[in-house]
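Understanding the architecture of this molecule
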Amino acid sequence: LDFLSLRNLASNELFFITLINLTNIELIFMKLIRGRMKRYLALDIGDVRIGVARSDLMGIIATPLETINRKKVKSVKRIAELCKENNTTSIVVGIPKSLDGEEKRQAEKVREYIEKLKKEIENLEIIEIDERFSTVIADNILKDLNKNGAIEKRKVVDKVAASIILQTYLDMKK
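A quick note: this is a predicted structure, and the numbers were derived from the prediction, not measured.

One ladder, built from six bridges, connects strand β4 (residues 90-95) with strand β5 (residues 125-130); its direction is parallel. Residue pairing in the sheet places glycine 94 in a bridge with isoleucine 129 of β5. Note that the unit made of β4, helix α3 (residues 105-120) and β5 has a crossover that is right-handed.

Okay, here's the thing in structure tokens:
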């Protein structure tokens, strides 16, 4: 072997060793991230409808998922299904408060509903946050997007409000 061949062989071996080490580092990094990856669901609980949103696996972005009509669907069962489908037991729930920060009857109803969820879903982690203005903000967003029809808006306003609740929580966690 001449000097040039030796140098090429050495650089190729170095390349493969580097590639193997980078692959191992990448695997280790992915395992670390996977341990920290967590998807959240969020609920905007009303008497008639429940807006549902979910986060990405990194817990950075909230997106509207669906609106559950409580009069047509067994909502606790549907939320349990959504937890299973999204591989999570962490739910952020908006607690309605008045402008002065006091909790009224609707907050009690939400907490009663949370208790039903806890009975249905094992190891459920409930994270409560103030939801003041989430529906108002969602309404304004939908107005800006020209969702003016009352029926059309009703179909999406709750899940948009849930995504605002979830995004608020995700931003607070940073």
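Moving on, we come to the packing of helix α2 (residues 75-85) against α3. How two helices pack is summed up by the angle between their axes together with the distance between the axes. It is at 10 Å that the axes of α2 and α3 come closest, and there the two elements cross at 55°. In terms of orientation, α2 lies oblique with respect to α3. Here α2 and α3 pass one another in a crossing that is right-handed. Residues Ser75, Val76, Ile79 and Ala80 of α2 lie in contact with α3, whose contacting residues are Tyr113, Lys116, Leu117 and Glu120. Classifying every residue of the contact of α2 with α3 gives five nonpolar, one polar and two charged.

Further remarks concern α3. Over its 16 residues, α3 extends 23 Å from the first C-alpha to the last, a length consistent with the 22 Å expected when each residue adds 1.5 Å. Along α3, the residues that are buried comprise Ala107, Val110, Tyr113, Ile114 and Leu117. End-on view of α3: buried residues confined to an arc of 120°, all on one side of the axis. Contact partners of the buried residues in α3: β1 (41-45), β2 (49-55), α2, β4 and β5.

Cut-offs used in this document
- Residues numbered from 1 in each chain as written.
- Predicted model: local features only at pLDDT ≥ 70, side-chain atom pairs only at ≥ 80, totals over all residues.
- Heavy atoms only, no water.
- Pairing = 2+ DSSP bridges.
- Helix = DSSP H or I, 4+ residues; strand = E, 2+ residues; numbered from the N terminus.
- Right-handed = clockwise from strand over helix to strand, strands pointing away.
- Axes fitted to C-alpha atoms, helices over the stretch in contact; angles between N-to-C directions.
- Parallel < 35°, antiparallel > 145°, perpendicular 65-115°, else oblique.
- Left-handed = near helix turned anticlockwise from the far one by under 90°.
- Contact = heavy atoms within 4.5 Å.
- Nonpolar A, V, L, I, M, F, W, Y, C, P; charged D, E, K, R; others polar.
- Expected span 1.5 Å × (residues − 1).
- Buried < 20%, exposed > 50% of the residue type's maximum accessible area, 1.4 Å probe, protein only.
- Arc of directions from axis to C-beta.

Nothing here speaks to function; it is all geometry.
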